[in-house]
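# Observations on the three-dimensional arrangement
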Amino acid sequence: MRRRTLITGIAGGLVAVGTRPALARDRRVLHVRPGGSVQAAVDAVDGPGWTIVVHPGTYREVVNVPVGLAELTVRGATRDPREVVIVHDNANGTPKPDGSGTYGTAGSATFSSAAPGLTVRDLTLANDWLRADHPEITGTQAVAAYTYGDRTRFENVRLLAHQDTLFVETSALTAFDRQYFHRCYIEGDVDFVFGRATAVFEECHFHTLQRDVAFTPKGMVFAPSTARANPYGILAVRSRITSAAEDGAYKLARPWVPTYETTAWPSLVVRDTRIGSGIDPVAPYTNMRDAYPWQTMRFHEYRNTGPGSTITVPENRPQLTDAEARSHTPAAYLGDWRP
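Source: prediction; values computed, not measured. Residue numbers here run from 1 along each chain, matching the order of that chain's written sequence. Thresholds applied to this predicted model are a pLDDT of at least 70 for local features of residues and 80 or more for the giving and counting of side-chain atom pairs; totals over whole chains, interfaces and linings are not thresholded and use all residues. Hydrogens and water molecules were not included; the side-chain quantities draw on all heavy atoms of the structure.

### Notes on the overall build of the protein chain
The helix count covers DSSP runs of H or I at least four residues long, the strand count covers runs of E at least two residues long, and both are numbered beginning at the N terminus. Counting its secondary structure elements, the protein chain contains 5 helices and 27 strands. In summary, the protein chain has a C-alpha radius of gyration of 20 Å against a globular reference of 20 Å for 339 residues, a match within 12%. The principal-axis extent of the C-alpha atoms belonging to the protein chain is close to 65 × 50 × 35 Å. Looking at the protein chain residue by residue over its 339 residues, the buried ones come to 56%. A separation of at least 24 residues holds for 69% of the contacts in the protein chain among residues at least 6 apart in sequence. Using a 1.4 Å probe, accessible areas were evaluated by the Shrake-Rupley method; residue-level cover was limited to the displayed protein chains. Carbon together with sulfur atoms contributes 51% to the accessible area of the protein chain, which is approximately 14100 Å² in total. Our radius of gyration looks at C-alpha atoms and nothing else; its globule reference is 2.2 Å times the residue count to the power 0.38. Per-residue accessibility, obtained with a 1.4 Å probe over protein chains only, is compared with the maximum for each type, and a residue is labelled buried under 20%, exposed over 50%, and partly exposed between these values. Should any heavy atoms of two residues lie within 4.5 Å, those residues are counted as being in contact.

### Here we look at the packing of aromatic side chains
Two aromatic rings, taken as a pair, are described by how far apart their centres are and by the angle between their planes. Each aromatic pair joins two rings of Phe, Tyr and Trp (for Trp, the six-membered one) with centres within 6.5 Å, and gets the label stacked for planes under 30 degrees apart, edge-to-face for over 60, and tilted for any other angle. In the structure shown here, the tally under the stated rule is 13 aromatic pairs. Look at tyrosine 146 and tyrosine 148: their rings are 4.7 Å apart centre to centre, the planes differ by 25°, and that puts the pair in the stacked class. The class of tyrosine 148 is partly exposed, set by a relative accessible area of 23%. Each ring, one from tyrosine 232 and one from tyrosine 333, has its centre 4.4 Å from the other, and the planes form 35°; the classification is tilted. Of the two residues, tyrosine 232 is situated in the loop between β21 (219-224) and β22 (234-237) and tyrosine 333 in helix α5 (residues 330-334); the sequence distance between them amounts to 101 residues. Following the ring pairs from residue to residue traces out a cluster consisting of Tyr146, Tyr148, Phe167, Phe194, Trp256 and Tyr260.

### Digging into the pairing of strand β23 (residues 240-243)
Strands pair, by our definition, only if DSSP identifies at least two bridges between them. Sheet topology places strand β20 (residues 205-208) next to β23; 4 bridges connect them, and they run parallel. Across the sheet, residue threonine 208 finds its bridge partner in β23, namely serine 243. Bridge count between β23 and strand β26 (residues 274-275): 2 bridges; the pairing is parallel. The residue of β26 that forms the bridge with arginine 240 is arginine 274.

### Here we look at the nonpolar core
When a protein is soluble and globular, its nonpolar side chains tend to lie buried together. Ranked by size, the top nonpolar core spans 60 residues in total, and within it Ile52, Phe154, Ile186, Phe201, Phe206 and Phe222 carry the most contacts. Counting residues per element, this core draws most heavily on helix α2 (residues 38-44), which supplies 4 residues. Not counting residues within four places of it along the chain, the set of residues in contact with phenylalanine 206 comprises Ile186, Val193, Phe201, Val221, Phe222, Ala236, Ser239, Arg240, Ile241 and Thr242. Put simply, buried Ala, Val, Leu, Ile, Met, Phe, Trp, Tyr and Cys residues joined by side-chain atoms within 4.5 Å make one nonpolar core. With 11 residues, the next largest nonpolar core counts Val200, Val269, Tyr302 and Tyr333 among its residues.

### Concerning empty space enclosed by the protein
Buriedness of a pocket was judged along seven lines, with at least five required to meet protein on both sides within 12 Å; pockets are open sets of points on a 1 Å grid over the protein atoms alone, cavities are sets where a 1.4 Å probe fits but cannot get out, and lining residues have an atom within 4 Å of a point. Grid points are joined across faces, edges and corners, and a volume is the space filled by probe spheres set on the points. Within this structure, the stated rule accounts for 2 cavities of 30 Å³ or more. Counted as a void, the second largest cavity has a volume near 30 Å³. As for the second largest cavity, its lining consists of Trp129, Leu130, Arg131, Thr140, Ala142, His162 and Gln163. Only Asp, Glu, Lys and Arg are considered charged, only Ala, Val, Leu, Ile, Met, Phe, Trp, Tyr, Cys and Pro nonpolar, and every remaining residue, Gly among them, polar. Considered class by class, the residues forming the lining of the second largest cavity number 3 nonpolar, 3 polar and 1 charged.

Function cannot be inferred from these measures alone, as they are strictly geometric.
Dropping the structure here:
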């Protein structure tokens, strides 16, 4: 792949990365245009509070935002997230070029960030690795975004992949990092929203993909791995869940208790959300491992609508009471942070 050159448009002129005019430093804005590199712009940031504006185009690269770049904003230049696409195609089992092994799930991410106060908006993050193209690879997790910093905010972002699309993690096993997703579109098939973070999804659209497999369930939307000490895990509120697969082909969730954190107590609340027919209404939850049955986890729903929300077997769909629901709101989960 040829080396790409980043050009930044600041203060009415074009300034190549590597030069540091005072006016560019004062404005703390970098522009990335087609032929440029988002990662090169990240590398050019030298402190908190910068904004990277990505202009319409497709940027095939891996982007990693380090922990030191606090309060960074990465945004599309227009309000249409389809016009700006950052995409790559690593999977868990993809061999690294240096021969040191494979990338692993977290390492497969197209976009990753450890920075606190990160804002991403108005663009698409995608991982277009496909199982059918790589039958020799068994580690099929391929992450679009891996975020593990407190006060991470995604606004009007499309997140596209298949297995493990969005990894909402924390910076340490004992950290309760908060993440907020507003009006985002997230699609995938297996466990495609997963992790340990306190993650709020408000007015988001989750979409399950068709899979060419004979078995069901074809996949699950959520796989939380919340720490036992954290009162809040994943919250989806005023959202919708649709599917390209046949009716009942997907489960709403299964709990993930990682081998490195067997004390995890996964927490998920889906409330005030329209659940389409792609979700199995009779048995919407399943186990990842039988040693950790979903019935022992913190899985609840509240006032959902749609054919996938029908309660036919009450013990299979734990519901919050009205009083309990008052403790499961975006404000309660996010605490003193108001994104």
